[in-house]
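The residues making up each chain are set out below.
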Amino acid sequence: MPHNKNEVTFEYHAISYKEQNQVKYKTRLLGLQKDWSAPFHDRHITYNNLSPGKYTFQLMSCNNDGVWNKEPYSFSFTILPAWYQTSWFKLLIALGLAGFLYSIFLLRIARLRKQKETQEKLTQAILESQEDERKRIAQDLHDGVGQKLSMLKVKVEREHNEPMLEKVSDIIEDIRL
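How each quantity is defined
Residues numbered from 1 in each chain as written. Predicted model: local features only at pLDDT ≥ 70, side-chain atom pairs only at ≥ 80, totals over all residues. Heavy atoms only, no water. Phe/Tyr/Trp six-rings, centres within 6.5 Å; stacked < 30°, edge-to-face > 60°. Helix = DSSP H or I, 4+ residues; strand = E, 2+ residues; numbered from the N terminus. Buried < 20%, exposed > 50% of the residue type's maximum accessible area, 1.4 Å probe, protein only. Core = buried A, V, L, I, M, F, W, Y, C linked by side-chain atoms within 4.5 Å. Contact = heavy atoms within 4.5 Å. Salt bridge = Lys/Arg side-chain N within 4 Å of Asp/Glu carboxyl O. Pairing = 2+ DSSP bridges. Axes fitted to C-alpha atoms, helices over the stretch in contact; angles between N-to-C directions. Polar contact = N/O pair within 3.5 Å; in protein donor to acceptor, adjacent residues only side chain to side chain.

Engineer: So, the packing of aromatic side chains: which residues are in play, and what are the values?
Structural biologist: For the structure shown, the criterion picks out twelve aromatic pairs. Seen in terms of ring centroids, Phe10 and Phe75 are 6.0 Å apart; in terms of plane orientation they differ by 70 degrees. Their pairing is edge-to-face. A residue pair is termed long-range when its members are at least 10 positions apart, and Phe10 in strand E1 (residues 8-11) and Phe75 in strand E5 (residues 73-79) qualify at 65 residues. Judged by relative accessible area, Phe75 falls into the partly exposed class, the value being 38%. With a centroid separation of 6.1 Å and 25 degrees between ring planes, the pair formed by Phe75 and Phe77 is classed as stacked. Judged by relative accessible area, which is 8%, Phe77 ranks as buried.

Here you go:
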């Protein structure tokens, strides 16, 4: 039975050759109830809003002498689930959710890699800038000291101080190396 046909009514009648109105019934719907109902005289029973699943209706009757039949009458039926209650639909939803979460994970990993790459480039640029500045300062110092020593050499040459001129020339050569 389809999921939207989830109301079932059973009508039954037991034959008694003596007082027909004294016949008693008890029922149970396996899949919904485990225990038998209390005995009653009605000749129909209705089950409403049954969930999807397999059911077995069982009926026992008793005559006016109190004798119950030995084996219950049984009728089995199934109420099918709606398409959104099926296992394959739930599996598709689970797979879709897993795929969505995996996509978010991959996007996050890509974003972290991009941030790391940007950070490494920035760090490299800072290091290169510091090295360039160090070289510039060293060159400025070297040029400044060299210029002062050259001026000292010119003064010493003017004064014709040979021993001092030789010392200054050696120092200038050492600095250039």
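Engineer: Residue-level account of unusual backbone geometry, with values.
Structural biologist: For Asn49, which is not glycine, the phi torsion reads 50 degrees and is therefore positive. Examined against the element boundaries, Asn49 turns out to sit in the loop between strand E3 (44-47) and strand E4 (53-62). Residue classification places Asn49 among the exposed residues on the basis of a relative accessible area of 64%.

Engineer: Could you give an account of the nonpolar core, with specific residues and numbers?
Structural biologist: Soluble globular proteins tend to pack their nonpolar side chains together in the buried interior. Formed by 16 residues in total, the largest nonpolar core has its most connected members in Phe10, Tyr12, Leu50, Phe57 and Phe77. Where this core is concerned, the elements lending two or more residues are E1, strand E2 (24-30), E3, E4 and E5. Apart from residues no more than four positions distant in its own chain, Tyr12 is found in contact with Tyr25, Thr27, Phe40, Asp42, Arg43, His44, Ile45, Phe57 and Leu59.

Engineer: I'd like to hear about the pattern of salt bridges, residue by residue, with values.
Structural biologist: Across all of its chains, the model carries three salt bridges by this definition. A salt bridge links Arg134 to Glu131, with the nearest nitrogen and oxygen atoms 2.6 Å apart. Taken together, the residues span about one helical turn, with Arg134 and Glu131 both in helix H1 (residues 87-159) at a distance of three residues. Overall, the relative accessible area of 32% leaves Glu131 in the partly exposed class. A salt bridge links Arg136 to Glu133; the shortest N-O distance between them is 2.5 Å. Taken as a pair, Arg136 and Glu133 lie in helix H1 at a separation of three residues, close to a single helical turn. Glu133 gets classed as partly exposed once you look at its relative accessible area, which sits at 36%.

Engineer: Describe the sheet that holds E2, and please don't skip the residues or the numbers.
Structural biologist: Spatial ordering of the open sheet is given by E2-E4-E5, a layout of three strands whose pairing is antiparallel. Each having just a single partner strand, E2 and E5 make up the two edges of the open sheet. On average, adjacent strands in this sheet sit at an angle of 20 degrees to one another, irrespective of strand direction. Two strands pair when backbone bridges link them, and E4 and E5 are joined in this way by seven bridges, in the antiparallel orientation. Note on E5: the bridge partner recorded for Phe57 is Phe75.

Engineer: Please set out the side chain of Thr56 residue by residue, giving values where relevant.
Structural biologist: Within the secondary structure, Thr56 is located in strand E4. In terms of polar contacts, Thr56 uses its side chain to reach the side chain of Ser76, at 3.0 Å. Those residues in contact with Thr56 that lie beyond four places of it in its chain are Arg28, Leu29, Leu30, Ser74, Phe75 and Ser76.

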